[in-house]
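# A structural walkthrough
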Amino acid sequence: MKGLTHMLFIKATKDTLKDLHINPEPVLETDLFFSWHVNIFTLYRKKHYVFMNDLSRLSLTISGIRSNQANRLQEIFITNLMRYLTLEDIPEKLIEFYIKNCNEMVITKTDNRSVRSTLNEIMMIMKSLEYNKDGFEDQDHRHKWNNRSIYKPIDYKEPIDVFIKELKDRYKNNKIE
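Now for a description of the structure that goes with this document. Keep in mind it's a predicted model, so treat the numbers as computed, not measured.

We now examine the pairing of strand β3 (residues 46-53). With six of eight residues buried, β3 is to be regarded as a mostly interior element. In this sheet, β3 lies alongside strand β2 (residues 35-43) in antiparallel orientation, the contact comprising eight bridges. If you follow leucine 43 over to β3, its bridge partner there is lysine 46. Here β2 folds back onto β3, and the loop between the two strands holds two residues, one of which, tyrosine 44, carries a positive phi near 55°.

Next up, the structure:
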């Protein structure tokens, strides 16, 4: 059993675990800021993985992850997260601090009904907008739009604002060497 350390925790649904052909590892506890729930669904006739941060409800929708790619999941996720955070004009220094703490990854089972509910809500919204031609097929546009949805579990704030605030609070005293 793994415990709370600075690592990336991917909390996958049963369908996602089955798609990745992996058994979940048991964990004692996780740091919510480094924990991401993930589910799989079809959008624009392609398989997508939707990752949602447990603390901020920040979400990423990533296509191109094939079955049995659990060994590449961390690399694919980190690449997409860095790209999105850069797109949001988050200072590179803050992105580096976060990514530095994601050098190890554990895949485990989902453990938070509130996060799963919010994850299902964002998937439902994306499915309803699937045939709306307002640019939602563009991943960058979709990420920005999704992360400006306001959610009750985070005190009616936007996920991107909650994520940035946590980044700044955690890393305000650090300097890159």
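A few words on the environment of leucine 129. You can see leucine 129 is positioned in the loop between α4 (113-128) and α5 (139-146). Each C-alpha atom, one on leucine 129 and one on tryptophan 145, is 11 Å from the other, the two residues being 16 residues apart in sequence.

Ordered in space as β4-β3-β2-β1-β5, the five strands form an open sheet in which the pairing is mixed. The sheet terminates laterally at β4 (59-63) and β5 (105-109), the two strands that pair on one side only. Adjacent strand axes in the sheet meet at a mean angle of 30°, parallel and antiparallel pairs treated alike. Where strand β1 (residues 8-12) meets β5, five bridges bridge the pair, whose relative direction is parallel. What sits directly across from lysine 11, in β5, is threonine 108. Here helix α2 (residues 70-87) sits on the sheet in contact with β1, β2, β3, β4 and β5, set at roughly 125° to β4. Each of β2, β3 and β4 touches α4; the most contacted strand, β2, lies at about 30° to it.

Any two side chains of opposite charge can pair if their charged atoms end up close together. Counted according to the given criterion, the structure contains nine salt bridges. Between aspartate 31 and arginine 170 there is a salt bridge, with its nearest N and O atoms 2.7 Å apart. One end of the pair, aspartate 31, is in the loop between α1 (14-20) and β2; the other, arginine 170, is in helix α6 (residues 159-171), and 139 residues separate them in sequence. Since its relative accessible area comes to 14%, aspartate 31 is described here as buried. The partner of lysine 165 in a salt bridge is aspartate 169, with the nearest N and O atoms 2.7 Å apart. Of this pair, lysine 165 and aspartate 169 both sit in helix α6, four residues apart, roughly one helical turn. A relative accessible area of 49% means that lysine 165 is categorised as partly exposed. Residue aspartate 169 is classed as partly exposed on the basis of its relative accessible area, which comes to 35%. A single salt-bridge network, built from bridges that share partners, covers Lys11, Asp54 and Asp111.

So, how was this worked out
Residues numbered from 1 in each chain as written. Predicted model: local features only at pLDDT ≥ 70, side-chain atom pairs only at ≥ 80, totals over all residues. Heavy atoms only, no water. Buried < 20%, exposed > 50% of the residue type's maximum accessible area, 1.4 Å probe, protein only. Helix = DSSP H or I, 4+ residues; strand = E, 2+ residues; numbered from the N terminus. Pairing = 2+ DSSP bridges. Axes fitted to C-alpha atoms, helices over the stretch in contact; angles between N-to-C directions. Contact = heavy atoms within 4.5 Å. Salt bridge = Lys/Arg side-chain N within 4 Å of Asp/Glu carboxyl O.

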